[in-house]
Amino acid sequence: MSIKQRLICGSLPDDFDPKSDILVGPWSFLGKEKKYPNWPFFEWEPDPFSSVAELVNAEESVNAWYQDELDQIVIHFNQLNGSNHSKVYWNYFLTPWLITLMQVIWDRSLRVEDLLQKYQNLPLSIELVEFKSNWSFTDSVDFFSNGILGQEFNHWLLSLLIADKAPSNWVFSWRTPLATGEYQEQNPDSQATKSPKDRLKDTLRPYRWPSRCRGVYGVGFFSARWLSLLMFFSSSNENIEPHSSNTNGLENFDKCTAINTHSNLLWKILSLVIPSNYKMIAGLGEKRTPKQAKSSLVSNQFFDDTGRHETALKKEHGEHIISVQHGGYYGNAKVFSVVASHEYSQDNFITWGWKNHGRYIGNFKPLPSPYLSKFPQNAFSKNNESIILVSTRHHAFTYRFDSTPQPGDHAETVKGKIEFISNLTLPVRNNLLYRTFPLGNGSLRDDLILTQKFPWLKYCVGELQPQLNACSLTVLDHPGTTLNINLAANNPTIGFWPKHHWPMSEQAEPFFEKIRDVGIIHTSAPSAAQHINALDGDIAIWWNSVQVQNARIEWNKNFGNTSKIWLWHWTKEIWNM
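In this report, we go over the structure that sits alongside the text. Here the structure is a predicted model, which means the values were calculated and not measured.

Definitions and cut-offs
- Residues numbered from 1 in each chain as written.
- Predicted model: local features only at pLDDT ≥ 70, side-chain atom pairs only at ≥ 80, totals over all residues.
- Heavy atoms only, no water.
- Helix = DSSP H or I, 4+ residues; strand = E, 2+ residues; numbered from the N terminus.
- Buried < 20%, exposed > 50% of the residue type's maximum accessible area, 1.4 Å probe, protein only.
- Contact = heavy atoms within 4.5 Å.
- Areas by Shrake-Rupley, 256 points an atom, 1.4 Å probe, with all protein chains shown as cover.
- Axes fitted to C-alpha atoms, helices over the stretch in contact; angles between N-to-C directions.
- Parallel < 35°, antiparallel > 145°, perpendicular 65-115°, else oblique.
- Left-handed = near helix turned anticlockwise from the far one by under 90°.
- Arc of directions from axis to C-beta.
- Pairing = 2+ DSSP bridges.
- Polar contact = N/O pair within 3.5 Å; in protein donor to acceptor, adjacent residues only side chain to side chain.
- Salt bridge = Lys/Arg side-chain N within 4 Å of Asp/Glu carboxyl O.
- Bend = angle between axes of the 7 residues up to and from the residue.
- Core = buried A, V, L, I, M, F, W, Y, C linked by side-chain atoms within 4.5 Å.
- Phe/Tyr/Trp six-rings, centres within 6.5 Å; stacked < 30°, edge-to-face > 60°.
- Lys NZ or Arg CZ within 6 Å of the ring centre and 35° of its normal.

So, on to the overall build of the protein. Helix and strand content of the protein: 20 helices and 15 strands. Residue burial in the protein is summarised as follows: out of 577 residues, 58% are buried. Counting contacts in the protein only where the partners sit at least 6 residues apart, residues at least 24 apart contribute 76% of the total. Total accessible area on the protein is roughly 24,300 Å²; 52% of this is exposed by carbon and sulfur atoms.

So, about the packing of helix α1 (residues 52-81) against helix α2 (residues 87-119). The geometry of α1 relative to α2 is characterised by a closest axis approach of 8 Å and an angle of 125° between their N-to-C directions. What the angle tells us is that α1 and α2 run oblique. For the pair α1 and α2, the sense of crossing is right-handed.

Glancing now at helix α20 (residues 566-576). For α20, every residue scored as buried is listed here: Trp566, Trp570, Thr571 and Ile574. Relative to the axis of α20, the buried residues are bounded by an arc of 135° and lie together on one face. More than 90 degrees from the buried face of α20, the exposed residues found are Trp568, Trp575 and Asn576. Buried residues along α20 sit against α7 (221-233), β6 (295-298), β7 (320-324) and β8 (348-351).

Looking now at the sheet that holds strand β4 (residues 171-175). Through backbone hydrogen bonds, the strands of a sheet pair up, either in parallel or in antiparallel fashion. Strands sit in the order β2-β1-β3-β4 across an open sheet of four strands; the sheet is parallel. Single-partner strands in this sheet number two, and they are β2 (21-23) and β4. Each neighbouring strand pair of the sheet contributes to a mean axis angle of 30°, computed without reference to strand direction. Two elements, strand β1 (residues 6-8) and strand β3 (residues 125-129), share two bridges in a ladder whose sense is parallel.

Here we come to the environment of Trp542. Secondary-structure assignment places Trp542 in helix α18 (residues 539-543). Filtering out sequence-adjacent residues up to four positions away, Trp542 remains in contact with Thr493, Ile494, Val518, Gly519, Ile520, His531, Leu535 and Val548. Side-chain polar atoms of Trp542 contact the backbone oxygen of Val518, separated by 3.1 Å.

Per the counting criterion, the structure on display carries 24 salt bridges. Note that Glu45 is salt-bridged to Lys118, the shortest N-O span being 3.2 Å. Of this pair, Glu45 sits in the loop between β2 and α1 while Lys118 sits in helix α2; the two residues are 73 residues apart in sequence, bridging distant segments of the chain. Exposure remark for Glu45: the relative accessible area of 11% places this residue in the buried category. Here Lys334 and Glu506 are joined by a salt bridge, their closest N and O atoms 2.4 Å apart. Residue Lys334 is found in the loop between β7 and α10 (337-344), and its partner Glu506 is found in the loop between β14 (493-496) and α16 (509-517); the two are separated by 172 residues along the sequence.

The largest bend in α1 amounts to roughly 45° and is located at Leu70. Gly82 lies just past α1 and shows a positive phi near 65°.

This part is about the sheet that holds strand β15 (residues 521-522). Reading across the sheet, the six strands line up as β12-β11-β10-β13-β14-β15 and stay open at both edges, with parallel pairing between neighbours. The strands lining the two open edges of the sheet, one partner per strand, are β12 (458-459) and β15. One ladder, built from three bridges, connects strand β13 (residues 473-476) with β14; its direction is parallel. The residue bridging Leu476 from the neighbouring strand is Gly495, located in β14.

Turning next to the nonpolar core. With 144 residues, the main nonpolar core has Leu7, Trp97, Tyr344 and Phe420 as its most contacted residues. Phe420 has contacts with Leu389, Val475, Phe496, Ala525, Ala528, Ala529 and Ile532, leaving out every residue within four places of it along the chain. Ranked by size, the runner-up nonpolar core spans 15 residues in total, among them Val324, Ile350, Trp566 and Ile574.

Here a ring pair, both rings aromatic, is described through the centre-centre distance and the interplanar angle of the planes. The full count for this structure, using the stated rule, is 53 aromatic pairs. Where Phe137 meets Phe153, the ring centres are 6.0 Å apart and the plane angle is 65°; that geometry is what we call edge-to-face. In this pair, Phe137 sits in the loop between β3 and α3 (140-148) while Phe153 sits in helix α4 (residues 151-165), placing the two residues 16 residues apart along the sequence. With respect to class, Phe137 is no different from Phe153; both count as buried. Each ring, one from Trp555 and one from Phe559, has its centre 4.7 Å from the other, and the planes form 40°; the classification is tilted. Here Trp555 pairs with Phe559, and both are found in helix α19 (residues 546-559), just four residues apart, close to one helical turn. Taken as a pair, Trp555 and Phe559 share a single burial class, namely buried. Three or more aromatic residues joined by ring pairs form one cluster here, namely Phe77, Tyr89, Trp90, Phe93, Trp97, Phe131, Trp135, Phe137, Phe143, Phe153, Trp156 and Tyr278. Lys132 extends its terminal NZ or CZ atom over the ring of Trp135, reaching a point 4.9 Å from the ring centre. The cationic tip of Arg359 hangs over the ring face of Tyr360; the distance from NZ or CZ to the ring centre is 4.8 Å.

Once that is clear, we can look at the side chain of Ser403. Its location among the elements puts Ser403 in the loop between β10 (387-390) and α11 (409-422). Once residues lying within four places of it in the same chain are set aside, the contact partners of Ser403 are Leu55, Tyr329, Ala333, Lys334, Val335, His501, Trp502 and Pro503.

Below, the discussion takes up unusual backbone geometry. Note: most residues except glycine have negative phi, and most peptide bonds are trans. At Ser136, a residue that is not glycine, the phi angle is positive and equals roughly 55°. Summarising the element assignment, Ser136 is placed in the loop between β3 and α3. We classify Ser136 as exposed; its relative accessible area is 52%. You will see that Tyr329, though not glycine, has its phi angle at about 80°, which is positive.

Here it is as structure tokens:
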């Protein structure tokens, strides 16, 4: 029996030996999938959260830690910018970035603690990355893509944690950090670049027409201007304090653990990971601050640093901020930490139909979705025989505390797709197309192993939604926006995933159970495949049945509400806010 003697925290070395090497996580296969297409069948250390309860506890601990640090964070960033912004400003501007960083520190710390407990008596050799003086992230997108989801950054962070606590019988070898460009060249498929349309928007941003409705999915040019005008005349007399998304608060928080372990690391690396535009953005746009408090509609500002800064200024000066849902999984995820902290905490939050979301607190306002209302609501009649299997993104790293698959779970997701395809009959296989998720940093490829196992498999390329509208059936390995779109558009859909990969909130679970009962959702790959086989091509008969349509309609009322006159509903509700 081989003795494990090398711990691998970063990319696989050329002499990787699965019999004697210990993999900390699946991220070691990033950029190596062509050499190891069967990466889902290798072994690595288990993920830190073995239950939803543990994930909830970690989420609430980090929320409390964030609140405990916030006063000092405000002082630090005001000094950095030569500004005097309030906690209200910095809380809105920094929440997506800072809570994400804190959750990553928490997750990586747990992983290292597990390694120490398991292997402390075993002499191990480990390659670590030397301390880096500055990561020079330019903005939130760069921080997220090349930091949180970057293999080199994560190797560096694990190195700091391991070097600080490792036993004396662990032997280190050190190397200098790779430049970001050097790392990306190892996996060119992971480059996440902005589209020409997005680059044009960035160029024109300084010259745009002032608006109080930005980033709301499905709201067109004229609707945005009408809502913006409505916002202008809808004033706020007082600045409402943000709702707290942390249900337990500081009283259940182990401050000793956080301050002595996690807080020290946070402040050690804070100045090294702050995006460069954070050091100048707080002084911009002050002259545009409104003299009288008004209202604004905002959505999806996680990576929009300029938009988030402008909203933070408005919020600081008493504006009524109405945040808007911009995708699926809102209202139904058991854990939805960063979104709840940043978006639900605003004065109002407009949903796609749901009124409550588990433990999370917010002033929720259910309204028809402008985005989903764009899709036709007609009875289904197929235009072609294609069956499109749409994949989730296989994240190699935990990047926030949500009830989504942990890195190790993605191996099971890929195995599930192999099992699903293997159980399909030949007529169904002949119509199957596979849609890979667009690759980005930190995403593991699954197309190579699927091609290896099923050389006949054809791929779905080009714009996705028109193809989903025309195909005979969409198959999903995950919940999310595509599920919401398809059910709203009345496109035949079947999904399969284990419940523990995507745990749902108490309010959402009954609605998921109803669409499970009629065969829309399955908890295993063979069940989904057998259901499709049994339809024997008569998908329309099943989909248009009373039971399926009733379950779909009830789902849509709560998670995909639509209306042809959505603008009237919004006008009436916003005026009353």
